[in-house]
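Examining the three-dimensional arrangement
Here is what each chain is made of, one letter per residue.
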Amino acid sequence: MNSKTKIDKIPLNTYKNRVTSLVIMIVGLACLLVSIIASINLGAADLSYRDVYNALFQFDEDNPAHTIIRQLRFPRAIAAVCVGAALAVSGAIMQGMTRNPLADPSILGVTAGSSFFIAIALVVMPGITYLGLMMFSFAGAGLGAALVFGITSYSRGGITPVKLALAGSAIASLLSSLSTAVGIKFNISKDISYWFAGGVSSVQPQHVLFTLPFIVVGILVALVLSRSISILSLGEEVAKGLGQNTGIVKLIGMIAVLLLTGAAVSIAGMIGFVGLVIPHITRFLVGNDYRLIIPCSAILGGVLLLVADIVGRMVNAPFETPVGAITAIIGVPFFLYLARKEGRGL
């Protein structure tokens, strides 16, 4: 019996889980559509749903309402969906590969690394293009992940979920402090404050066009790798026993995480806890098969961030609350619960 046959015979999901995942995807897509329409309609400018329809399908460049919708609100809504999906999928990949329920790009220092390199880019190359910022964001994400996993791997007793979370929090704080210091020293605090706050309020159409291919590629890589991540989540010894090359799986998985996180940070800044909360909710609903977890997480992540963006506009209207603050309100209690639960085995 070859390794692929062995993998296929492992009961990672049931008929009930597959039906549940299909329901989640259908309902989730419907919620996405409704949320996108609501996101476009809500804001400081008073727009009707007819304006939204006409702007999308009968665009008139001389109509100010159409311009607001096409240039500001529609890109903002699409960006929120893409960023939420990217962060949720990257969190699911990290949790599956490391078997760490606390894994999340923001907790493990990946987003802080991206923001730090963006700050460096703004100092070294003030006129840098948006594509250049994305490249720095990818490099910073890699640095953050390398520091956290490198430090933890040399600790006594090896890598544990709580040790990863502690190292990630320390590295994230260090890189965030360095970013602040760079901003003060070189007088770019206002420029980098957008990435610290986290949000999609300043997104423009070209930003979405630049980042969308990277996010799509990252999600496709995750989907292709989903069966291998499912096996790896059962334990490295089990995966090796089934003939899986765990090193290659982890390498490709980390590339997908860096693509997704780097693109998300470059467009929306440091938004935390989406990649922590959504995979856990999805896993509770559909089981442990990442062939179901990854697509469902992408949809639910998009819904969560889009709804958080809408709530951020309504909480203190006409002023806007950063999306990162809204997700933190949800994510911090969830993180503390998981940390307390996992800490018993420290």
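Residues numbered from 1 in each chain as written. Predicted model: local features only at pLDDT ≥ 70, side-chain atom pairs only at ≥ 80, totals over all residues. Heavy atoms only, no water.

**A few points about the overall build of the protein chain**
Secondary structure assignment for the protein chain yields 14 helices and zero strands. A globule of 346 residues ought to have a C-alpha radius of gyration of about 20 Å, and the protein chain, at 20 Å, matches this closely. The principal-axis extents of the C-alpha atoms in the protein chain amount to approximately 65 × 50 × 35 Å. Summarising the internal contacts of the protein chain: among those between residues at least 6 apart in sequence, 76% fall at separations of at least 24. Just so you have it, the protein chain exposes about 15,900 Å², and 67% of that area is on carbon and sulfur atoms. (Helix = DSSP H or I, 4+ residues; strand = E, 2+ residues; numbered from the N terminus. Rg over C-alpha atoms; globule rule 2.2 N^0.38 Å. Contact = heavy atoms within 4.5 Å. Areas by Shrake-Rupley, 256 points an atom, 1.4 Å probe, with all protein chains shown as cover.)

**A short note on unusual backbone geometry**
The phi dihedral of R99 is positive, around 55 degrees, even though this residue is not glycine. Note on placement: R99 falls in the loop between helix 4 (64-98) and helix 5 (110-124). Located in the positive-phi region is F273, a residue other than glycine, with phi close to 75 degrees. For F273, the position within the fold is in the loop between helix 11 (246-268) and helix 12 (274-286). Of the residues examined, F273 reaches a relative accessible area of 17% and is grouped as buried. (Buried < 20%, exposed > 50% of the residue type's maximum accessible area, 1.4 Å probe, protein only.)

**What about the UniProt feature "transmembrane region" (unreviewed entry) in the protein chain?**
In the numbering used here, UniProt assigns the "transmembrane region" (unreviewed entry) feature to residues 21-44, 74-94, 106-124, 130-152, 208-230, 251-278, 290-311 and 323-340. Taken end to end, residues 21-44 is 88% helix and 0% strand, and its two terminal C-alpha atoms sit 37 Å from one another. Spanning residues 208-230, this segment combines 100% helix with 0% strand, and its end C-alpha atoms are found 31 Å apart. (UniProt positions renumbered as here; feature names shortened; annotations may be inferred.)

**Details of the environment of L300**
Its place among the elements puts L300 in helix 13 (residues 290-315). When the C-alpha positions of L300 and V27 are compared, they lie 9.8 Å apart, and in sequence the two are 273 residues distant. Excluding residues within four positions of it along the chain, L300 makes contact with I24, I278 and T282.

**Let's talk about the pattern of salt bridges**
As enumerated under the stated definition, the model contains six salt bridges in all. Ionic pairing is found between E236 and K250, a salt bridge with its closest N-O pair at 2.9 Å. With a gap of 14 residues between them, E236 in helix 10 (residues 236-241) and K250 in helix 11 connect regions that are remote in the sequence. Its relative accessible area of 29% is what places K250 among the partly exposed residues. Among the salt bridges present, the one from D289 reaches R291, with a minimum N-O distance of 3.0 Å. With a relative accessible area of 31%, R291 lands in the partly exposed category. One salt-bridge network, held together by shared partners, links R76, D309, R313 and E320. (Salt bridge = Lys/Arg side-chain N within 4 Å of Asp/Glu carboxyl O.)

**Observations concerning the side chain of H66**
Within the secondary structure, H66 is located in helix 4. Given the relative accessible area of 5%, H66 is considered buried. Among the polar contacts listed, one links the side chain of H66 to the backbone nitrogen of D60, at a separation of 3.0 Å. Setting aside its immediate chain neighbours within four residues, H66 contacts D51, N54, A55, Q58, F59 and D60. (Polar contact = N/O pair within 3.5 Å; in protein donor to acceptor, adjacent residues only side chain to side chain.)

**Considerations on the confidence of the model for the protein chain**
Taken as a whole, the protein chain shows an average pLDDT of 86; of its residues, 93% reach a score of 70 or greater. Across residues 1-11, where pLDDT falls below 50, the model places 14 contacts with residues more than four positions away in sequence or in other chains. (pLDDT = per-residue confidence, 0-100.)

**What about the packing of aromatic side chains?**
A full pass over the atoms with the stated rule returns four aromatic pairs. Between F116 and F117, the ring centres sit 6.0 Å apart and the planes meet at 65 degrees, which makes this aromatic pair edge-to-face. The buried category is assigned to F116, whose relative accessible area is 13%. (Phe/Tyr/Trp six-rings, centres within 6.5 Å; stacked < 30°, edge-to-face > 60°.)

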